[in-house]
Amino acid sequence: MRLQKIQLTIGLIFCLQFSFSQKFETKPYWQQLKTDSYQGKQDDIYFIDSKTGWYCNGSGKIYKTTNGGTDWELIFEKKGTFFRCIGFIDSLVGFAGNIGIDYFPNVEDTVPLYKTNDGGRSWQPVVYNGPIVKGLCAIQIYKEPIINSGKLDYKSHVFCGGRVGSPAFTMISHDNGKTFQSKDMRPFCQYILDIHFFNLKEGIICAASNSELDQSHALIIRTKDGGNTWEKVYESQRFFELTWKQHFPGKKVGYVTIQSYDTAATSSQRYIAKTNDGGLTWKELPLVNDINVREFGVGFTDEKNGFIGAVPNGFETHDGGLSWEKSYMGPATNKIRIQKDKSGKSIAYGIGVIVSKNKSVIEDGKDVVAAMRNAYAGGRWYKNFSFSQNTLFYKEDGTIDKKEVWHEIASFPGKLLIKFNSKDSKDGYVFSQNKVNVFKDGKMVMEKPMIHDLLLTAFDVYFHKPYETTRLLDSLGYNLKLVRQTNYNGRKVYVVGAADGDLKSNQFWVDAERFYLHRVIYKQNNAVRDVKFESYELMESNWVAKKITFMLNGKLNMVEDYFDIKFPKEVKPSIFEVSTFSDVKLD
C-alpha cells in the first residue's frame, strides 16, 4: 500500500512537471514588459542572449534584465545625460551613447560615449582620437570571426554614429572598444540616425541630406573602404525627410524607415526603403497613406516577416514589405532588436513609450494574458457595453426558481452597474474600483472589496497592462504557471490554472485563435462556480457572448440571455458613483 502511494506521488509530480513545461505555438503577439514609467519615447535596447539585456533612456537611466525582460533593475543613473543608444560586447563590456547638448532640454553632458566593464553598474567616459563628437544616436557591435589558437573566436568592432539635428560624426573602434577614432561626416551627410557594417569594409548609414529639416531629403550612404569614403546610394525627392533606422535580416535583404515631418495634406503617403543587393540599390515601398504616421524602428525575424515602430501605432508585414497591417508593440517604438532563444526561434524586443517583447509561443498564463491584450490592442475591444438580460434562477433539482430581467451598463476596465427589473430600479449592484456596492430600495445595504473574476478575465484583460492583470489573477489564486491546450465546444482553447480533469481549481479557458473567454471556474464562499460564456456572435465587429451559464458546485444555478445589446461611444463616469445610483435611469 505504501509503495502504491509512493508511485502515485511520483506520477503526480511527473504529470505536474510535464504540465508546467508545455509550450504551444501561436500567432506572434506583443507582450508589454513591466518597466518604470517614462514620459515620451525611449530609444534603445540590447540583448546578448535570450535572457540578458539592457535598455536606456533620456533621463540618464540604464536598466538590466537577466530573465528575458520579465524583470528590470535600474543599475545606473546619470542626471543631465540623455542615453540614446546602447550595445554590449559581452556580459561585462558595453557602450552607451549620449545625445549631447543643444538639442533636448536639461541635457548638460558633453561626453558622447561611455564604457562599462562591469555589466553596466558603472560607466566611464570614452577617450577618443580625432575631432570632437557632439552626440550619438546609434551603436553597432560587429563581431569579426577569427581563428585563435586553432579555434573559432571573435574580435569585436564598435561602430557609433550621430546625431539627430546635426552635426554628423562617427566613432569607430577595431580593438574590442579599447580605442576609438572619430570622423567628421559632414562632407557626406548632416544627420546620422543609424549605422550598420556588414564587414570591416562595407557598411551603410541612415542619414539626412541637410541640417535644416525643411530642406532635408532622406538619405542612405554606403562605404566600401571601412568608412574612409562614402557614396550616396539612396536619396528621397521629398523635403522634411530623413532615414531613421535599418535592419538586415539577411546578407542581401535590408529595410530602412523613412521619417517624414511634412504636415501638408498632399504629403500623407509614408514609405520605407528596401534593398535586395546588400545596400547597393534601394527601392521605395509604400507603408501607409496617413499623415499622422511617423516611422521609427524596424526589425525583421526573417526576410519576409517584420515590424515597423511608429506613431500612433506600429505595423507588421508577412510578405517582405509588399503589404502592411497594424501591429501593437506600443507607440513610437524607436528600436527593434531581434534575438534567438535556445531553440533558434526569433524573439523581437521593442522600445519606445513602452518596452515590449514579440513571441510566438505560449509558455504560461502570463503569455495567454499578453496574447489576449495584444489581440485587441489599439481600441479593438469595446470599452463601453450596455444590454438587458433575461435571467433564470434554478433550484437544486434543476427546475426554474424564478425569472427576472436585469439591465446593465459597463465601462471597462472595472466598472459595471446592474439594475434589477427596471431601468430606473433602486435595486441593484455597482462594481467599481475593485469594490461591490449592493442597493435595496435606493439604500446601500452592503459594500465590500471585490475583484470580479468575470469582469477581469472577460473584459478588463483587454484594457489593463498585462502585468497588472496577472498581478490581480495571482491575488485571486490562479496558478499562472500552469497552462494546457484542449478542445472545447469545437474550439481549441488554452486552459490556465488547472491540469486535465481538475474542475475545482481556479482557472480560465481562452479561445486559442480569437482570444476571447469561454469559461471561468473559481472558488467563492466555499463553493465552486463554473461560468460558461456561450453563443458568441460578431456584432458591429465586436465579439459578444449572448448567453452565460452559471454552475454552482456542479449544478445549474443561473442562465443569462442578453438582448438590446449596444456599444455606447461614451458613458458618463458619474453613472458608476455610489451616491447617484438611485437617480440613474438607463437608456
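Rules of the game
Residues numbered from 1 in each chain as written. Predicted model: local features only at pLDDT ≥ 70, side-chain atom pairs only at ≥ 80, totals over all residues. Heavy atoms only, no water. Helix = DSSP H or I, 4+ residues; strand = E, 2+ residues; numbered from the N terminus. Contact = heavy atoms within 4.5 Å. Areas by Shrake-Rupley, 256 points an atom, 1.4 Å probe, with all protein chains shown as cover. Pairing = 2+ DSSP bridges. Axes fitted to C-alpha atoms, helices over the stretch in contact; angles between N-to-C directions. Buried < 20%, exposed > 50% of the residue type's maximum accessible area, 1.4 Å probe, protein only. Phe/Tyr/Trp six-rings, centres within 6.5 Å; stacked < 30°, edge-to-face > 60°. Lys NZ or Arg CZ within 6 Å of the ring centre and 35° of its normal.

**Q** Would you take a moment to explain the overall build of the protein for this structure?
**A** Within the protein, the secondary structure is distributed over four helices and 42 strands. For the protein, the C-alpha atoms occupy an extent of roughly 85 × 70 × 45 Å along the three principal directions. Contacts in the protein between residues at least 24 apart in sequence constitute 48% of all its contacts with a sequence separation of at least 6. Of the accessible surface of the protein, which amounts to about 26,800 Å², a share of 50% is contributed by carbon and sulfur atoms.

**Q** I'm lost on the sheet that holds strand S15 (residues 191-197) in this one. Help?
**A** For sheets, the rule is that strands pair by backbone hydrogen bonds, running either parallel or antiparallel. With antiparallel pairing, the four strands of this open sheet are ordered in space as S15-S16-S17-S18. Each edge of the sheet is formed by a strand with only one pairing partner; in this case those strands are S15 and strand S18 (231-235). Across the sheet, the mean angle separating the axes of adjacent strands is 25° when strand polarity is ignored. By the bridge criterion, six bridges tie S15 to strand S16 (residues 203-208) in an arrangement that is antiparallel. Considered in S16, the bridge of Asp194 is made with Cys206.

**Q** Just checking my understanding: could you explain the environment of Gly314 for this structure?
**A** With respect to the element layout, Gly314 can be found in strand S25 (residues 314-317). Since its relative accessible area comes to 0%, Gly314 is described here as buried. Remark: the alpha-carbon pair of Gly314 and Gly297, spanning 17 residues in sequence, is separated by 9.2 Å. If near-sequence neighbours (up to four positions away) are discounted, Gly314 is found in contact with Ile308, Gly309, Glu325, Lys326, Ser327 and Met329.

**Q** Any chance you could explain the packing of aromatic side chains here in plain terms?
**A** A complete count under the given rule lists 46 aromatic pairs for this structure. With 6.1 Å between their ring centres and 90° between their planes, Phe197 and Trp230 make a pair best called edge-to-face. Pair noted here: Phe197 is in strand S15 and Trp230 is in the loop between strand S17 (218-223) and S18, with a separation of 33 residues, a long-range link. Pairing Tyr516 with Trp543 gives two aromatic rings, centres 5.4 Å apart and planes at 65°, and the pair type is edge-to-face. Residue Tyr516 is located in the loop between strand S38 (507-511) and strand S39 (517-524), and its partner Trp543 is located in strand S41 (residues 542-552); the two are separated by 27 residues in the primary sequence. Note on accessibility: Tyr516 and Trp543 belong to one class, buried. Chaining the aromatic ring pairs together yields one cluster made of Tyr376, Trp381, Tyr382, Phe385, Phe387, Phe412, Phe459, Tyr462, Phe463, Tyr562 and Phe567. Positioned above the aromatic ring of Phe463 is the side chain of Lys383, whose terminal nitrogen or guanidinium carbon lies 5.3 Å from the ring centre. Across the ring face of Phe581, the terminal group of Lys419 is positioned such that the distance to the ring centre comes to 3.9 Å.

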